[in-house]
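# Tertiary structure, described
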Amino acid sequence: MKFVFVLGLILVLGIGGLNLAESGGECGDPNMEAMKLIPCAEAATDEKASVTSGCCLQIKKLGQNPKCLCAAMLSDTAKNAGTKPEVAITIPKRCNLANRPIGYKCGPYTLP
């Protein structure tokens with residue numbers, strides 16, 4: 001009986017893990033990735049705000065995988081923080097990142 005219970009628990013946890021992997025993909029939870037972009041909060045709401053070096057560092061790291069960068073910028077956490085996606089997607093350009101994903105489709109937006 002214990003064996004059946006343990007086997008059932010393993011199956012439930014395994015299926016739950018697969019669903020989590022599918023929802024976040026290779027970058028994990030987009031909401032957790034968005035937390036890394038806290039230094040970008042002001043720059044993501046005001047296109048005239050200066051972009052801090054801490055923000056650019058995080059954008060550079062996340063920008064290595066444009067899919068993750070977009071997921072973080074368009075996440076519920078980012079929306080709840082009041083970021084404007086049309087402003088947030090301009091941050092890589094405002095950071096003057098040479099290897100930014102120019103032209104990458106980020107939901108309904110395109111990275112400049």
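About the criteria used
Residues numbered from 1 in each chain as written. Predicted model: local features only at pLDDT ≥ 70, side-chain atom pairs only at ≥ 80, totals over all residues. Heavy atoms only, no water. Helix = DSSP H or I, 4+ residues; strand = E, 2+ residues; numbered from the N terminus. Contact = heavy atoms within 4.5 Å. pLDDT = per-residue confidence, 0-100. Patch = residues over 30% accessible without salt bridge, like charges linked within 9 Å, V, L, I, M, F, W, Y side chains within 5 Å. Areas by Shrake-Rupley, 256 points an atom, 1.4 Å probe, with all protein chains shown as cover. Salt bridge = Lys/Arg side-chain N within 4 Å of Asp/Glu carboxyl O. Buried < 20%, exposed > 50% of the residue type's maximum accessible area, 1.4 Å probe, protein only.

### Notes on the environment of Leu111
Along the chain, Leu111 falls in the segment after strand E2 (109-110). Sequence-wise, Leu111 and Arg100 are 11 residues apart; in three dimensions their C-alpha atoms are separated by 8.6 Å. With near-sequence residues (within four places) excluded, Leu111 lies in contact with Cys70, Ile89, Pro101, Ile102, Gly103, Tyr104 and Cys106.

### Looking at the confidence of the model for the protein
Across the protein, pLDDT averages 82, with 78% of residues at or above 70. Every residue in residues 1-23 scores below 50 in pLDDT, and together they form zero contacts with partners more than four places removed in sequence or on other chains.

### Looking at a nonpolar patch on the surface
Taken together, the side chains of Met32, Met35 and Ile38 make up a nonpolar region of the molecular surface, amounting to roughly 320 Å² of accessible area. Within the fold, Met35 resides in helix H2 (residues 30-35). Overall, the relative accessible area of 43% leaves Met35 in the partly exposed class.

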